[in-house]
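Structure at a glance
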Amino acid sequence: MMIIRVCVGSSCHIKGSPEIVELFKKAIEEYHLEDKVTLAASFCIGKCNRVGVTVQIDDDIYAGITKENFKEFFADNIIKRIEGK
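Taken N-terminus to C-terminus, the directions of helix H2 (residues 17–30) and helix H3 (residues 70–83) make an angle of 55°; their axes are 11 Å apart at the nearest point. By the angle between their axes, H2 is oblique relative to H3. Seen from above, H2 lies across H3 with right-handed handedness. For the pair H2 and H3, the contacting residues are Ile-20, Leu-23, Phe-24, Ala-27 and Ile-28 in the first and Phe-70, Phe-73, Phe-74 and Ile-78 in the second. Looking at side-chain class alone, the contact of H2 with H3 contains nine nonpolar, no polar and no charged residues.

Structure follows, in structure tokens:
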């Protein structure tokens, strides 16, 4: 089971983490990944960026996730991993 943690600390909250959480929820549902992915909130992950939200997927940390780059991020880092590519 893949674990996705979205930072909801104050800095990421201001930069849009509630929106990113909603985008994750919709994408997980759209791709029918409910049994393969756990979505969780996390306080500061420690890789703050000036733009966007920090997301941790298993042990990998990504900074700068925005609603504009979310679809590409999801395709590259969730779909490809699940499909084993």
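That shown, we press on.
So, on to the pattern of salt bridges. Counted by the stated rule, this structure contains four salt bridges. Here Lys-25 ties to Glu-22 by a salt bridge, and the two come within 3.4 Å at their closest N and O atoms. Here Lys-25 and its partner Glu-22 are both found in helix H2, three residues apart, which amounts to about one turn of the helix. On the basis of relative accessibility, which here comes to 44%, the residue Lys-25 falls in the partly exposed class. Residue Glu-22 is classed as partly exposed on the basis of its relative accessible area of 38%.

Parameters and conventions
- Residues numbered from 1 in each chain as written.
- Predicted model: local features only at pLDDT ≥ 70, side-chain atom pairs only at ≥ 80, totals over all residues.
- Heavy atoms only, no water.
- Axes fitted to C-alpha atoms, helices over the stretch in contact; angles between N-to-C directions.
- Helix = DSSP H or I, 4+ residues; strand = E, 2+ residues; numbered from the N terminus.
- Parallel < 35°, antiparallel > 145°, perpendicular 65-115°, else oblique.
- Left-handed = near helix turned anticlockwise from the far one by under 90°.
- Contact = heavy atoms within 4.5 Å.
- Nonpolar A, V, L, I, M, F, W, Y, C, P; charged D, E, K, R; others polar.
- Salt bridge = Lys/Arg side-chain N within 4 Å of Asp/Glu carboxyl O.
- Buried < 20%, exposed > 50% of the residue type's maximum accessible area, 1.4 Å probe, protein only.

Any functional reading would require information that these geometric values do not contain.
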